[in-house]
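# Residue-level structure breakdown
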Amino acid sequence: MHTGTSTRLHYLDATRAFALLLGIVFHASLSFMPVFIGWAVMDVSTSNLVSAFALVSHTFRMALFFLIAGYFSRMTLNKTSMPAFLQSRAVRLGVPFVAGWFLLRPLLVSGWIAGAQSLRGDVDVVIAIYEGIATLGSLPNGLLVGTHLWFLYYLMLFTVCALALRMCLVRIPVVHGIVVKLSSKLVSGMSVSHWSPVLMALPTVLCLWWMNNWGIDTPDKSLVPHLPTFCLYFGSYLMGWSFQRDSLGLQSYSKLSLSHAVFALVSITALILLAPYESQPGHTDFLGYKAAYAFAYAVTMWSMIPLTLGVCKALFNTPKAWISYLANASYWLYLIHLPLVIALQIAVAELPLHWSVKLTMVCSGTLFTGLVLYEILVKKSWLGRILNGQEKQRVG
């Protein structure tokens, strides 16, 4: 077995950047859904293709992100002391979480208010911003509610839980050896088995079954962890942690595979066909359709993750300046993107343009604004050192 290495796997930086940027496109697409889903605004131009994209991208993007975060967390821990590791996590995760919440939540609430105004007619930006800021007066009620920063909170929880688990196991050498051996076998099995998406789907279905909706719930309603979502994403985090112990296993898992592509195609087709039954709880076969949907959802997740890793490995396995730049900027972009996305969605909602044109406008406008701010405010400032670290700019 090849133990965790200090060699930088550049395609993992590219994959993590892709997962975060995919989240921006995912949120940008939600106003173009053909049915109202409770988003800030609904565009006049919609498409079922957007529904399919949102469905498929949501199956794997955050699980992929947490897998890579687990990999980089263990790698960082192996390079430094425990106090230094905890300090770096507190600064690079905790500070953006707290500061981002106070800065971004009023803007997001304002976006929802402005979106509701746009559905009724004219938008009053001043009133929307004032009412958004006023919501800070209700603290601590509503803490964590209404932002996309839950991923930082859960990443901090995963880090604490992984370290606590590690400390407990180290104190019992026999148990520690058994756990390491089992995790190594799991990693090795996933790396070589063509059936790994199906095998990994079995425990994932248990988590999906207890979600409030079909698919993965967004745990942004409370500081109390949402148990099914926590278990699913913590499992992804621990898998990345285990992969770092055996990087050859990760290299093998990241190879493009025809079997993974076939599983993805079949499961995605099943997802799209089964999705309409979620709104038919009175159907005689509702539970059967839910079980089939959960299984297809899990297979999609565990086939798209290695496929994404494989594509990024094939394209970005050697250092590329623009990929490194995006990898460094992606954390900042994801932190600030949602208010920008919603503002642009409201701005284009009534324009007589095709949804694809407007989606492109929203995505490009968000990225352009975010990158300009990154250059001016973040890249070479104290803020950049908080987000991306002192030596190598990355988050994990």
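Residues numbered from 1 in each chain as written. Predicted model: local features only at pLDDT ≥ 70, side-chain atom pairs only at ≥ 80, totals over all residues. Heavy atoms only, no water.

## Describing the overall build of the protein
Counting secondary structure elements, the protein contains 14 helices and zero strands. Taking 396 residues into account, the globule formula puts the C-alpha radius of gyration at 21 Å, and the protein, at 21 Å, falls close to it. Each principal axis of the C-alpha distribution contributes one length, and for the protein these read about 65 × 55 × 40 Å. Burial status across the protein gives 52% buried among its 396 residues. Nonlocal contacts in the protein, meaning residues at least 24 apart in sequence, comprise 81% of its contacts between residues at least 6 apart. On the protein, roughly 18,100 Å² of surface is accessible, and the fraction owed to carbon and sulfur atoms is 71%. Charge centroids of the protein, computed over 25 positive and 13 negative side chains, lie 19 Å from each other. (Helix = DSSP H or I, 4+ residues; strand = E, 2+ residues; numbered from the N terminus. Rg over C-alpha atoms; globule rule 2.2 N^0.38 Å. Buried < 20%, exposed > 50% of the residue type's maximum accessible area, 1.4 Å probe, protein only. Contact = heavy atoms within 4.5 Å. Areas by Shrake-Rupley, 256 points an atom, 1.4 Å probe, with all protein chains shown as cover. Lys, Arg positive; Asp, Glu negative; His and termini not counted. Charge placed at Lys NZ, Arg CZ, Asp CG, Glu CD.)

## Structural notes on helix α5 (residues 150-170)
The terminal C-alpha atoms of α5, which comprises 21 residues, lie 30 Å apart, in line with the 30 Å expected from a rise of 1.5 Å per residue. Those residues of α5 that sit buried are W150, F151, L152, Y153, Y154, L155, F158, T159, A162, L163 and L169. Buried residues in α5 make contact with α2 (48-79), α3 (82-120), α6 (173-192), α8 (227-245) and α12 (321-348). (Expected span 1.5 Å × (residues − 1).)

## Quick look at the nonpolar core
Core analysis: the biggest nonpolar cluster contains 111 residues, and F66, F151, Y233, F243, M301 and I305 have the highest contact counts within it. Counting residues per element, this core draws most heavily on α2, which supplies 17 residues. With sequence-adjacent residues up to four places away left out, F66 is seen in contact with W150, F151, Y154, L155, F158, Y233, S236 and Y237. (Core = buried A, V, L, I, M, F, W, Y, C linked by side-chain atoms within 4.5 Å.)

## Observations regarding the environment of V95
Tracing the backbone through its elements, the reader meets V95 in helix α3. When its relative accessible area of 38% is taken as the criterion, V95 is described as partly exposed. Taking the C-alpha atoms as reference, V95 lies 9.8 Å from L152; in sequence the two are 57 residues apart.

## Section: a nonpolar patch on the surface
Among the surface-exposed residues, I172, V174, V175, I178, V179 and L182 lie close enough to one another that they form a single nonpolar patch of about 520 Å² accessible area. You can see V179 is positioned in helix α6. (Patch = residues over 30% accessible without salt bridge, like charges linked within 9 Å, V, L, I, M, F, W, Y side chains within 5 Å. Salt bridge = Lys/Arg side-chain N within 4 Å of Asp/Glu carboxyl O.)

## Things to note about the pattern of salt bridges
When the charged atoms of two side chains lie near each other, side chains of opposite charge can form a pair. Applying the stated criterion to the full structure yields four salt bridges. Here R16 ties to D13 by a salt bridge, and the two come within 3.2 Å at their closest N and O atoms. Residue R16 and its partner D13 are located together in helix α1 (residues 10-29), separated by three residues, close to a single helical turn. Note on D13: relative accessible area 11%, which makes it buried. Here E375 makes a salt bridge to K379, at a shortest N to O gap of 3.6 Å. Classification of E375 as partly exposed rests on a relative accessible area of 42%. Assessed through its relative accessible area of 29%, K379 is described here as partly exposed.

## Here's the deal with the packing of α2 against α3
Remark: α2 packs on α3, axes separated minimally by 8 Å, with the N-to-C direction vectors making an angle of 140°. By the angle between their directions, the pair α2 and α3 is classed as oblique. Crossing of α2 over α3 shows right-handed handedness. Counted together, S73, T76 and L77 of α2 and M82, F85 and R89 of α3 form the full contact between these two elements. Of the residues contributing to the contact of α2 with α3, the split by class is three nonpolar, two polar and one charged. (Axes fitted to C-alpha atoms, helices over the stretch in contact; angles between N-to-C directions. Parallel < 35°, antiparallel > 145°, perpendicular 65-115°, else oblique. Left-handed = near helix turned anticlockwise from the far one by under 90°. Nonpolar A, V, L, I, M, F, W, Y, C, P; charged D, E, K, R; others polar.)

## Some words on the confidence of the model for the protein
Per-residue pLDDT for the protein averages 87, and the proportion of residues at 70 or more is 92%. Contacts from residues 1-6, a stretch scored under 50 in pLDDT, to residues over four places away or in other chains number 16 contacts. (pLDDT = per-residue confidence, 0-100.)

## Quick look at helix α7 (residues 196-209)
Along its 14 residues, α7 runs 20 Å from first to last C-alpha, staying within 8% of the 20 Å computed at 1.5 Å per residue. Its maximal kink placed at L202, α7 deviates by approximately 40°, while the proline P203 follows within four residues. In the core, the buried residues of α7 are packed alongside α6, α8, α9 (247-253), α10 (258-274) and α11 (286-316). (Bend = angle between axes of the 7 residues up to and from the residue.)

## Some remarks on the state of the cysteines
Summed over all chains, the structure comprises zero disulfides. C168 takes part in no disulfide bond, and the closest cysteine sulfur to it belongs to C161, at a distance of 11 Å. Taking the relative accessible area as the measure of exposure, C168 reaches 49% and is therefore partly exposed. (Disulfide = S-S within 2.5 Å.)

## As for the packing of α2 against α10
Look at α2 against α10: their axes get within 11 Å of each other, and the N-to-C directions meet at 125°. When the axis of α2 is compared with that of α10, the two are oblique. Pair α2 / α10 crosses with right-handed handedness. Contacts between α2 and α10 pair A52, L55, V56 and T59 from the former with I268, L271 and I272 from the latter. Broken down by class, the residue content of the contact of α2 with α10 amounts to six nonpolar, one polar and no charged.

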